[in-house]
Amino acid sequence: MSFRLTSHTLAQHVFSYTYSYIQPSTHTHHSTHTHPSIYTLNTPQTRTNTHSIMPKAAAKTKTGKVEKRRTKKDPNAPKRGLSAYMFFANEQRENVRDENPGITFGQVGKLLGERWKALNDKQRTPYEAKAATDKKRYEDEKAAYNA
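The model shown is predicted, which means the values in this text are computed figures rather than measured ones. (Residues numbered from 1 in each chain as written. Predicted model: local features only at pLDDT ≥ 70, side-chain atom pairs only at ≥ 80, totals over all residues. Heavy atoms only, no water.)

Comments concerning the nonpolar core
Selection criterion: Each nonpolar core is a collection of buried residues, namely Ala, Val, Leu, Ile, Met, Phe, Trp, Tyr and Cys, held together in the definition by side-chain atoms within 4.5 Å. For each residue, the accessible area found with a 1.4 Å probe, counting protein chains only, is set against the maximum for its type, and the residue is called buried under 20%, exposed over 50%, and partly exposed in between. Numbering of helices and strands runs from the N terminus, with a helix taken as a DSSP run of H or I at least four residues long and a strand as a DSSP run of E at least two residues long. Residue contacts are defined here by distance: any two heavy atoms, one from each residue, within 4.5 Å place the two residues in contact.
Among the nonpolar cores identified, the biggest contains 7 residues, and these are A84, F87, F88, W116, L119, Y127 and A131. Every element with two or more residues in this core is listed here: helix 1 (84-99) and helix 3 (121-146). Considering each element in turn, this core owes the most residues, 3 residues, to helix 1. Beyond its immediate sequence surroundings of up to four residues, L119 is in contact with F88, R124 and Y127. Among the nonpolar cores identified, the runner-up in size contains 5 residues, and A89, I103, V108 and L112 belong to it.

Put into structure tokens, the structure is as follows:
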């Protein structure tokens, strides 16, 4: 037997359960199987249901640990420093798009990753220097922000 739930506004917090008959479905999955009668659950407001108005408990993960809610980030906090790869990707992204018109967003990232892996240490040096400078900038701004 299957049921279809129809509800009124949840803001009213009051429910009573009655069942009303709906015409059985004429659709069959197999020639020997037919659907039983289908009922719907109507919810006129006459009886309280305390489960619908209880506050939500802390969410648990599959392992049973309680999940902590994230706090909102301060929009005035300094932005983290970019990695060497991000400096490379920002510089090369337009080149990849020009060389491959009609390329999708995911394919651009894939090509950039392949190009980054193909670089030797000497070619990566300028990007690593930029990353070190940006990391220093972040640490200085963070120290000033926390002071």
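Additional details are given in the paragraphs that follow.
Here we look at the packing of helix 1 against helix 2 (residues 105-118)
Short version of the rule: To get an axis, a line is fitted to the C-alpha atoms, and for a helix only the part in contact is used. The angle between two axes follows their N-to-C directions and goes from 0 to 180 degrees. Roughly parallel means an angle under 35 degrees; roughly antiparallel, over 145; roughly perpendicular, 65 to 115; everything else is oblique. Take the far helix as the reference: if the near one is turned anticlockwise from it by less than a right angle, the crossing is left-handed, and if turned clockwise, right-handed. Residues are sorted three ways: Asp, Glu, Lys and Arg are charged, Ala, Val, Leu, Ile, Met, Phe, Trp, Tyr, Cys and Pro are nonpolar, and all the rest, Gly among them, are polar.
Interaxial distance between helix 1 and helix 2 falls to 9 Å at its minimum, and their mutual angle equals 120 degrees. Taken together, the axis directions place helix 1 and helix 2 in an arrangement best described as oblique. In this structure, helix 1 meets helix 2 at a crossing whose hand is right-handed. Contacts from A84, Y85, F88, A89, Q92, R93, N95, V96, R97 and E99 of helix 1 reach helix 2 at F105, V108, G109, L111, L112, G113, R115 and W116. Grouping the constituent residues of the contact of helix 1 with helix 2 by class yields 10 nonpolar, 4 polar and 4 charged.

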